[in-house]
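So you can see what is in the structure, the chains are spelled out below.
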Amino acid sequence: QVQLVESGGGLVQAGGSLRLSCAVSGSRFSINAMNWYRQAPGKQREWVATITGGGSTNYADSVKGRFTISRDNAKNTVYLQMNSLKPEDTAVYYCYFRDLLLQRNYWGQGTQVTVSS
């Protein structure tokens, strides 16, 4: 059974930093691209960042230069380091991946990030 457990959200002042973690079990983690999405109140869920199995990264323009996605395949964990946070970064952040072997999509439970001005 595939499980994703997210952690690291919280309340931070503008300009501060947080690091989100998403631990995955039950999947061949190293071969799957991992993603972070976020959903602000009253808005649609939006893509934030992706890291491929090979370590290539891509970011939404709104977070480029401030957020860094990384992965530790030995720990089956993907991270999102968020620096220079802005109030508009306030959202529930979700970890997501599509399992290439099982051909199924998996979402984490979400972790709340709140940035105060």
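Undergrad: Please clarify how the environment of P41 should be interpreted in this entry.
TA: Tracing the backbone through its elements, the reader meets P41 in the loop between strand 4 (34-39) and strand 5 (46-51). Counting along the chain gives 65 residues from P41 to Y106, while the straight-line C-alpha distance between them is 22 Å.

Undergrad: Just checking my understanding: could you explain the side chain of R71 for this structure?
TA: As for its placement among the helices and strands, R71 is situated in strand 7 (residues 67-72). Among buried Asp, Glu, Lys and Arg side chains, R71 stands out as unpaired, with D72 the closest opposite charge at 8.4 Å. Polar contacts involving the side chain of R71 include one to the main-chain carbonyl oxygen of T52, which spans 3.0 Å. At 2.9 Å, the side chain of R71 and the side chain of N73 are in polar contact. Setting aside its immediate chain neighbours within four residues, R71 contacts F29, S30, N32, A33, M34, I51, T52, G53, T77 and V78.

Undergrad: Quick question: what am I supposed to make of unusual backbone geometry here?
TA: Glycine aside, a negative phi is what most residues show, and trans is what most peptide bonds show. The residue S84 is not glycine, and still its phi comes out positive at about 50°. On the secondary structure map, S84 appears in the loop between strand 8 (77-82) and strand 9 (91-99). Under the relative-accessibility criterion, S84 is labelled partly exposed at 43%. The phi angle at Q103 is positive, at roughly 55°, despite the residue not being glycine. Within the element layout of this structure, Q103 appears in the loop between strand 9 and strand 10 (104-107).

Undergrad: I would appreciate a short explanation of the sheet that holds strand 3 (residues 18-25) in the present structure.
TA: Backbone hydrogen bonds hold the strands of a sheet together, and the pairing may be parallel or antiparallel. Strand order in the open sheet formed by 4 strands is 1-3-8-7, and the pairing between neighbours is antiparallel. The two strands at the open ends of the sheet, each matched to only one other strand, are strand 1 (3-7) and strand 7. Between one strand axis and the next, the sheet turns through 15° on average, direction left out of account. Where strand 7 meets strand 8, 6 bridges bridge the pair, whose relative direction is antiparallel. Residue pairing in the sheet places F67 in a bridge with M82 of strand 8.

Undergrad: How should I be thinking about the packing of aromatic side chains in this particular structure?
TA: When we look at a pair of aromatic rings, we describe it by the centre distance and by the angle of the planes. Counting across every chain of the model gives 5 aromatic pairs. Ring centres 5.1 Å apart and planes at 65° place the aromatic pair Y37 and W107 in the edge-to-face group. In this pair, Y37 is assigned in strand 4 and W107 in strand 10, connecting sequence segments 70 residues apart. Classification of W107 by relative accessible area gives partly exposed; the value is 38%. With a centroid separation of 5.4 Å and 25° between ring planes, the pair formed by F97 and Y106 is classed as stacked. Accessibility classification places F97 together with Y106 in one group, the buried group. Grouping aromatic residues by their ring pairs yields a cluster made of Y37, Y94, Y96 and W107. In this structure, R45 is placed above the aromatic ring of W107, and the distance from its NZ or CZ to the ring centre is 4.6 Å. Cation over ring: R71 sits above F29, and NZ or CZ is 4.5 Å from the ring centre.

Definitions and cut-offs
- Residues numbered from 1 in each chain as written.
- Predicted model: local features only at pLDDT ≥ 70, side-chain atom pairs only at ≥ 80, totals over all residues.
- Heavy atoms only, no water.
- Helix = DSSP H or I, 4+ residues; strand = E, 2+ residues; numbered from the N terminus.
- Buried < 20%, exposed > 50% of the residue type's maximum accessible area, 1.4 Å probe, protein only.
- Lys, Arg positive; Asp, Glu negative; His and termini not counted.
- Salt bridge = Lys/Arg side-chain N within 4 Å of Asp/Glu carboxyl O.
- Polar contact = N/O pair within 3.5 Å; in protein donor to acceptor, adjacent residues only side chain to side chain.
- Contact = heavy atoms within 4.5 Å.
- Pairing = 2+ DSSP bridges.
- Axes fitted to C-alpha atoms, helices over the stretch in contact; angles between N-to-C directions.
- Phe/Tyr/Trp six-rings, centres within 6.5 Å; stacked < 30°, edge-to-face > 60°.
- Lys NZ or Arg CZ within 6 Å of the ring centre and 35° of its normal.

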